[in-house]
Amino acid sequence: MSNGPLSNRPLPSSFDSNDDFYNENGFQKVLRRLKEEPLVPIGCLLTVAAFTNAYRAMRRGDHAKVQKMFRARVAAQAFTVVAMVAGGMYYQADRHKQKELWKLRQQKDAEEKHQKWIRELEARDAEEKALQERLDKRRKRAAERAGGTGTESVAAQARAALRESKAGKTETGEATSTEANQADGGVLGSLGGWFGGSKKAPEDTTPALESKPEDPKN
Amino acid sequence: MTNLIRSNFQDHPFHLVSPSPWPLYTSVSLLNLATSAALSMHNFNNSYYLFFISLILVISSMAFWFRDIISEATLLGDHTLAVQKGLNLGVILFIVSEALFFLAIFWAFFHSSLTPTVELGSQWPPIGIEPINPFELPLLNTVILLSSGATVTYAHHSLIHGERKGALYGSIITILLAIIFTVFQGVEYNVSSFTISDGAFGTCFYFGTGFHGFHVIVGTIFLAVALWRIFAYHLTDNHHVGFEGGILYWHFVDVVWLFLYVSIYYWGS
């Protein structure tokens, strides 16, 4: 009957086609177990009835009846326990299978989640790598432009000159306050044209910005 | 009959109790016990000393009180049939209140277990909890407690038929079985994989079984006192309210165990 490797197949169960069985809530579980083992609740009720009768007999002072009811109580409870053990043995195979199935499903879920995480982390990694690549390309292009000729190279040279002048300013220590740097940015912004439109502009100001924290200490 | 002679008799069957310090002592000690227990549970410095002192006070004032009642019953003849009826009613009301107390515990258990919240993984037993196998030590404990129910019934049977030996041996075996049960519960608590702080499962499990264990200890003392009174010829074949109360209490504790076993150990795992 069996085809395919055994390890790949879920353990067979008599509840395989019954989805309600796997998705039952607490009350349904109790009802099902009441139906599976009706002798257990009956035994419990008998035990309580015997105990109640014992105490009613005791109130009347009927010692013989009390004695009889105590015996009935012990017998009813013994019956309940025997019913429970018998039920446990009778349903043992089923419950074991069900537990194994549950464990397998749990394992599968965990594995799926694990794989999902790996995929997610790989996707993030790829994204990061692509971004890095794009940035590298842009930087390379900018460097090529700086080395080349034409209007683009003129702009790059102008930027380099500005950078030098700013570096000189910081060396002399004249640009003492952050306002000066802010003013530079303002000047760059107000120039418009190449400077205002250039995406490189913020990067060019970085040396000046880096020297900024040192200034107030002087 | 002159008034002088009449004053030596009472024309009613009731016991008009004489002044006694023990009710007041017990009340004050109980108040101390409750407050110092609350302080101890909130880690107040040295409150455990107060807790243990209060516990000793409660136990000793109750012991003195019961000693007085025993002398009233056995030596002074104050416990007429009417008084016995009243005492029986007291025992029964006490057991009914105990049953309602356990009802509350079971309510808590079923409240948590029938519709387990998402924090428990929407399942019972909750995710990560490995419940105790009901067919190992708990089943043995069930059998032990059931046997003690049988032996205590034998002791009762012997007593009402005037067989001293049977009453004594039945009670002794019952008390031994009770002690074995308590020890096994201690073993089970020690080897279980979860604690009282492990969420709703741990709380409900130790709340239920712990209070049951406490009742077993109280029932054991109850039966031990009755055993001593049989041994000391206090109890007769038709006047043994204390013993009968103890037996009824013991059967009650056993019935509670059945419900604990069925719901918490068997269906709850």
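Residues numbered from 1 in each chain as written. Chains lettered and ligands numbered in written order. Predicted model: local features only at pLDDT ≥ 70, side-chain atom pairs only at ≥ 80, totals over all residues. Heavy atoms only, no water.

Novice: Just give me the short version of the overall build of chain B, but keep the residues and values in it.
Specialist: Counting secondary structure elements, chain B contains eight helices and zero strands. From first element to last, N terminus to C terminus, chain B shows the α and β order α-α-α-α-α-α-α-α. The C-alpha extent of chain B, read off along each of the three principal axes, is 80 × 45 × 30 Å. The buried share among the 269 residues of chain B stands at 43%. Relative to all contacts within chain B whose residues are 6 or more apart in sequence, the contacts with residues 24 or more apart total 75%. Summing over all exposed atoms, chain B offers an accessible surface of approximately 14400 Å²; the carbon and sulfur share of this is 72%. In chain B, the 6 positive side-chain charges and the 14 negative ones have mean positions that sit 21 Å from each other. (Helix = DSSP H or I, 4+ residues; strand = E, 2+ residues; numbered from the N terminus. Buried < 20%, exposed > 50% of the residue type's maximum accessible area, 1.4 Å probe, protein only. Contact = heavy atoms within 4.5 Å. Areas by Shrake-Rupley, 256 points an atom, 1.4 Å probe, with all protein chains shown as cover. Lys, Arg positive; Asp, Glu negative; His and termini not counted. Charge placed at Lys NZ, Arg CZ, Asp CG, Glu CD.)

Novice: I'd love a proper account of the interface of chain A and chain B, names of residues and values included.
Specialist: Frequently, the measure chosen for interface size is the accessible area that the parts lose on association. Opposite the 35 residues of chain A that make contact, chain B presents 36 residues. Interface area for chain A against chain B, summed over the two sides, is near 3200 Å², with a carbon-plus-sulfur share of 74%. Interface area lost by chain A to chain B is led by Phe 51, Met 58 and His 63 of chain A, which between them contribute 19%. Along the contact surface separating chain A from chain B lie one salt bridge. With a closest N to O distance of 2.9 Å, Asp 254 of chain B and Arg 73 of chain A form a salt bridge. (Buried area = accessible area lost by both parts, 1.4 Å probe. Salt bridge = Lys/Arg side-chain N within 4 Å of Asp/Glu carboxyl O.)

Novice: Give a description of the UniProt feature "transmembrane region" (unreviewed entry) in chain B that names residues and reports values.
Specialist: On the UniProt side, "transmembrane region" (unreviewed entry) is annotated at positions that read residues 48-66, 87-110, 137-155, 167-185, 205-228 and 248-268 of chain B here. Between the C-alpha atoms that bound residues 248-268 of chain B there is a distance of 28 Å. The span itself is 95% helix and 0% strand. (UniProt positions renumbered as here; feature names shortened; annotations may be inferred.)

Novice: Got a sec to walk through the UniProt feature "coiled-coil region" in chain A? Specific residues and values, please.
Specialist: UniProt records the feature "coiled-coil region" at residues 103-137 of chain A, using the numbering of this structure. For residues 103-137 of chain A, the end-to-end C-alpha separation is 51 Å, with 100% helix and 0% strand making up the annotated structure.

Novice: Please give an account of the packing of helix α5 (residues 137-160) of chain B against helix α6 (residues 164-191) of chain B that cites residues and values.
Specialist: Residues and elements named next belong to chain B. Relative orientation of the contacting elements α5 and α6 amounts to 160 degrees, with a least axis distance of 8 Å. Comparing the axis directions of α5 and α6 gives the class roughly antiparallel. For the crossing formed where α5 meets α6, the hand is left-handed. Split into classes, the residues belonging to the contact of α5 with α6 amount to 16 nonpolar, 10 polar and one charged. (Axes fitted to C-alpha atoms, helices over the stretch in contact; angles between N-to-C directions. Parallel < 35°, antiparallel > 145°, perpendicular 65-115°, else oblique. Left-handed = near helix turned anticlockwise from the far one by under 90°. Nonpolar A, V, L, I, M, F, W, Y, C, P; charged D, E, K, R; others polar.)

Novice: Hey, could you go over helix α2 (residues 22-41) of chain B for me, with residue numbers and the actual values?
Specialist: It helps to recall that an α-helix has 3.6 residues per turn; residues three or four apart then point in one direction. Residue and element names in this part refer to chain B. Given a rise of 1.5 Å per residue, 20 residues ought to cover 28 Å, and the 28 Å separating the end C-alpha atoms of α2 matches this to within 8%. Those residues of α2 lying buried are Trp 22, Thr 26, Ser 29, Leu 33, Ser 36, Ala 37 and Ser 40. Relative to the axis of α2, the buried residues are bounded by an arc of 105 degrees and lie together on one face. Exposed residues on α2 whose side chains face more than 90 degrees from its buried face are Leu 24 and Leu 31. (Expected span 1.5 Å × (residues − 1). Arc of directions from axis to C-beta.)

Novice: Talk me through the UniProt feature "domain: Heme-copper oxidase subunit III family profile" (unreviewed entry) in chain B; I want residue IDs and the actual numbers.
Specialist: As recorded in UniProt, the sites labelled "domain: Heme-copper oxidase subunit III family profile" (unreviewed entry) are residues 10-269 of chain B. Taken as a whole, residues 10-269 of chain B contains 75% helix and 0% strand, while its terminal C-alpha atoms sit 61 Å from one another.

Novice: Describe the packing of aromatic side chains, listing the residues and the values that go with them.
Specialist: Residues and elements named next belong to chain B. Scanning the model with the defined rule gives 29 aromatic pairs over all chains in all. Seen from their ring centres, Phe 201 and Phe 205 are 6.3 Å apart, and the 10 degrees between their planes marks the pair as stacked. Separated by four residues within a single helix, Phe 201 and Phe 205 lie in helix α7 (residues 199-231), roughly one turn from each other. Its relative accessible area of 3% is what places Phe 201 among the buried residues. For the ring pair Phe 205 and Tyr 206, a centre distance of 5.1 Å and an interplane angle of 85 degrees mean the geometry is edge-to-face. Feature note: the residues Phe 109, Phe 110, Trp 124, Phe 181, Tyr 189, Phe 194, Phe 201, Phe 205, Tyr 206, Trp 257, Tyr 261 and Tyr 265 constitute an aromatic cluster, connected by ring pairs. (Phe/Tyr/Trp six-rings, centres within 6.5 Å; stacked < 30°, edge-to-face > 60°.)

Novice: Provide a residue-level description of the pattern of salt bridges, including the pertinent values.
Specialist: Residues and elements named next belong to chain A. Across all of its chains, the model carries eight salt bridges over all chains by this definition. Between Glu 36 and Arg 95 there is a salt bridge, and its shortest N-O distance comes to 3.0 Å. Remark: Arg 95 occurs in helix α5 (residues 92-147) and Glu 36 occurs in helix α2 (residues 26-36); sequence separation between them is 59 residues. Arg 95 is the salt-bridge partner of Glu 37, the closest N and O atoms lying 2.9 Å from each other. Of this pair, Glu 37 sits in the loop between α2 and α3 (39-60) while Arg 95 sits in helix α5, placing them 58 residues apart in sequence. Shared partners join several salt bridges into a network, and the residues in it are Arg 32, Glu 36, Glu 37 and Arg 95.

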